[in-house]
Every structure is written in C-alpha cells, then in structure tokens.
Amino acid sequence: MTLLRDHDLALAFDHASHSYDRLTALNPGYRTDLLRSARRLRLPRAGAGLHILDLGCGTGASTRALLRAAPRARITAVDASSGMLVRAQSKTWPAQVRFQHLTAEELTATDEGSYDAVFAAYLFRNVTDTDGVLKTVRTLLRPGGRLAVHEYSLSGSAVHRALWTAVCRGVIIPAGTFSGDRDLYRHLWRSVLDFDTVPDFTDRLRGTGFSAVRALPVAGWQTGITHTFLAREGSATTAEYAR
C-alpha cells in the first residue's frame, strides 16, 4: 500500500481524533512508556526555567507525560492535525502549556527561540523528509539541548517484524476498521515496517549532527518494537542518561 503523507495523513488523523484516545488506551503500557521516555530526558529541577517542545503532540498524551516528568517546565506542543489538537486543547492544562497548529516542517517559522529539550513521540515515521526535520530540530535546540524520540522502530530481528505484523492484523487494523479509520491504521502497520530499524535511526541521528546518541527499549510486548532514542545538540556523554 502507499503510505499516507503530509496533508492526506493530517486529514486521516483529523478523522481518527474522535476515537484515538480510546484506541490507544487498549495498548498495554501506552502512557507508561511515554512517561518513561519523557523521564529519560533527565531534565533537572523538575524542569524549572526550561522550555520544552512537544513535537507531534497528538491528543496530548505525550504532553501529559512531559508535564509529569517536568512539572515546572514551559511546554509548547505542536501538531499538524487540527482535529487532534482540538482533542488535546479540550483537556485541562496548567498555564505553562500551550498548543500550536504547525507541521514539523513549519517549525522554523516560529518565534519561540531555542528549546532546552524536544520530545517527539510517534512522529518521525510520518514525516516526508526525516533528515530535514532532524536538522530543523537541531537548529531549535540550544547548545547541549536534549532530544528524546519515542518511536516504533524495529530492532531488525525477523521475530519482532513478524510480531508487529501479527498484532496489526489481529488487533490494530480490525480496531481501526471498526472506528472507520482503516486506512490510517494500515498506514501505521506499513510505516513501521518501512521505517528505520534501531541501528539505522541511531546512524541517522549521528549523521545529522547529534551527539551522545543512544537507543533504549521499552518494556512489555513492545520490546524490540518501540524504543526511546536519546541525543544531544553539541557534545555530551552517554553517561548523562539513565535507563
């Protein structure tokens, strides 16, 4: 199948926004894994004085994870889907959280200045120019700024590839079909198979200039399927990150 891209993908997420939270709630550990990845940023002082970008915030699950990991940080959350943002904004947020309707490619047009950290959950499979967006993220991070990418990225093992396909065919695509969003969840299945494996994405991060690149698995059934990728803008050591 042809993957959904850009405007077509944003429209598919718009349509799916009404059921998205219910479907993700069926995934054991979905919110726990997001929180673990957010905490792996190891932001000091509960985020006091820091500005974090939540890139591809969806309905706000990743934003909530960041807020729990760094409750004193200022958070700017952006997404390309207006429908997903409406769902996110309908929830209760403290004053330091704000939302913007922007694609990842439009980020250079903002006036936010440098960010201390960027968190991107389930985003990079869905952008057309992965390297271009990574380079944009680097320009938005202050020197030493931190990046955490929480993503479906397969280990490279045939077992994990087969497991992902089995879960999609047996659970994810049928659930998406029932909600009227079959094309989006077929896109999810294929986008993971077509995306970088863990070694490929870590190489891509290094190739676009990030340092201290590290990949960590999540727990449960998604081990080998979902990973946290950690990196820095500028020089840093991997010892600065904790599991």
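Computed from a predicted structure; not experimentally measured.

Cut-offs used in this document
- Residues numbered from 1 in each chain as written.
- Predicted model: local features only at pLDDT ≥ 70, side-chain atom pairs only at ≥ 80, totals over all residues.
- Heavy atoms only, no water.
- Phe/Tyr/Trp six-rings, centres within 6.5 Å; stacked < 30°, edge-to-face > 60°.
- Helix = DSSP H or I, 4+ residues; strand = E, 2+ residues; numbered from the N terminus.
- Buried < 20%, exposed > 50% of the residue type's maximum accessible area, 1.4 Å probe, protein only.
- Core = buried A, V, L, I, M, F, W, Y, C linked by side-chain atoms within 4.5 Å.
- Contact = heavy atoms within 4.5 Å.
- Pairing = 2+ DSSP bridges.
- Right-handed = clockwise from strand over helix to strand, strands pointing away.
- Salt bridge = Lys/Arg side-chain N within 4 Å of Asp/Glu carboxyl O.
- Axes fitted to C-alpha atoms, helices over the stretch in contact; angles between N-to-C directions.
- Parallel < 35°, antiparallel > 145°, perpendicular 65-115°, else oblique.
- Nonpolar A, V, L, I, M, F, W, Y, C, P; charged D, E, K, R; others polar.
- pLDDT = per-residue confidence, 0-100.

Considering the packing of aromatic side chains
Next up, step 1: Summed over all chains, the structure comprises 8 aromatic pairs.
Next up, step 2: With a centroid separation of 4.8 Å and 40 degrees between ring planes, the pair formed by Y122 and Y152 is classed as tilted. Taken as a pair, Y122 in the loop between β4 (115-121) and α5 (130-140) and Y152 in strand β5 (residues 141-152) lie far apart in primary sequence, 30 residues in all. Each member of the pair Y122 and Y152 is classed as buried.
Next up, step 3: Here the aromatic rings of F195 and F201 are separated by 5.4 Å at their centres, their planes lie at 45 degrees, and the arrangement is tilted.
Next up, step 4: By relative accessible area, which is 11% here, F195 ends up buried.
Next up, step 5: The buried category is assigned to F201, whose relative accessible area is 0%.

Some points on the nonpolar core
Next up, step 1: In this structure, L34, I52, F99, F119 and W164 are the most contacted members of the largest nonpolar core, which totals 51 residues.
Next up, step 2: When neighbours within four sequence positions are excluded, W164 is seen to be in contact with Y152, L154, I172, L188, W189, V192, L193, W221 and I225.
Next up, step 3: By size, the runner-up hydrophobic cluster in this structure holds 27 residues, among which are V78, L123, F210 and V213.

Let's talk about the pairing of strand β2 (residues 74-79)
Next up, step 1: The buried fraction of β2 amounts to 5 of the 6 residues, a majority that puts the element mostly inside the structure.
Next up, step 2: Direction of pairing for strand β1 (residues 51-55) relative to β2: parallel, over a ladder of 5 bridges. Bridging across to β2, H51 finds its partner in R74.
Next up, step 3: Read from β1 through helix α3 (residues 61-69) to β2, the crossover connection turns out right-handed.
Next up, step 4: Sheet topology places β2 next to strand β3 (residues 97-101); 5 bridges connect them, and they run parallel. Looking at the pairing, I75 lines up with V97 of β3.
Next up, step 5: A crossover links β2 with its parallel partner β3, the connecting element being helix α4 (residues 82-89), and its sense is right-handed.

Considerations on the pattern of salt bridges
Next up, step 1: In total, this model carries 8 salt bridges according to the counting rule given.
Next up, step 2: When the shortest N-O distance is used, the salt bridge between R142 and D116 registers 2.6 Å. You can see R142 sitting in strand β5 and its partner D116 sitting in strand β4, a full 26 residues away along the chain.
Next up, step 3: Note on R142: relative accessible area 30%, which makes it partly exposed.
Next up, step 4: Between D131 and R204 there is a salt bridge, with the nearest N and O atoms lying 2.8 Å from each other.

Things to note about the sheet that holds strand β7 (residues 226-233)
Next up, step 1: Spatially, the 7 strands line up as an open sheet ordered β3-β2-β1-β4-β5-β7-β6, and their pairing is mixed. Edge positions in the sheet fall to β3 and β6 (210-217), since each of these pairs with one other strand and no more. Neighbour-to-neighbour, the strand axes of the sheet open up by a mean angle of 15 degrees, direction not taken into account.
Next up, step 2: Sheet topology note: the β6/β7 ladder contains 6 bridges and is antiparallel. Counterpart to S211 in the pairing with β7 is R232.

Brief notes about the packing of helix α1 (residues 6-24) against helix α7 (residues 182-194)
Next up, step 1: α7 packs onto α1 with a crossing angle of 90 degrees between their chain directions and a minimal axis gap of 9 Å. One way to sum up the angle between α1 and α7 is to call them roughly perpendicular. Contacts between α1 and α7 involve L9, A12, F13, A16, Y20 and L23 from the former and L184, Y185 and H187 from the latter.
Next up, step 2: Residue composition of the contact of α1 with α7, grouped by class: 8 nonpolar, 1 polar and no charged.

As for the confidence of the model for the protein chain
Next up, step 1: Taken as a whole, the protein chain shows an average pLDDT of 93; of its residues, 93% reach a score of 70 or greater.
Next up, step 2: The low-confidence segment residues 237-243, where pLDDT is below 50, has 21 contacts with residues more than four positions distant or belonging to other chains.

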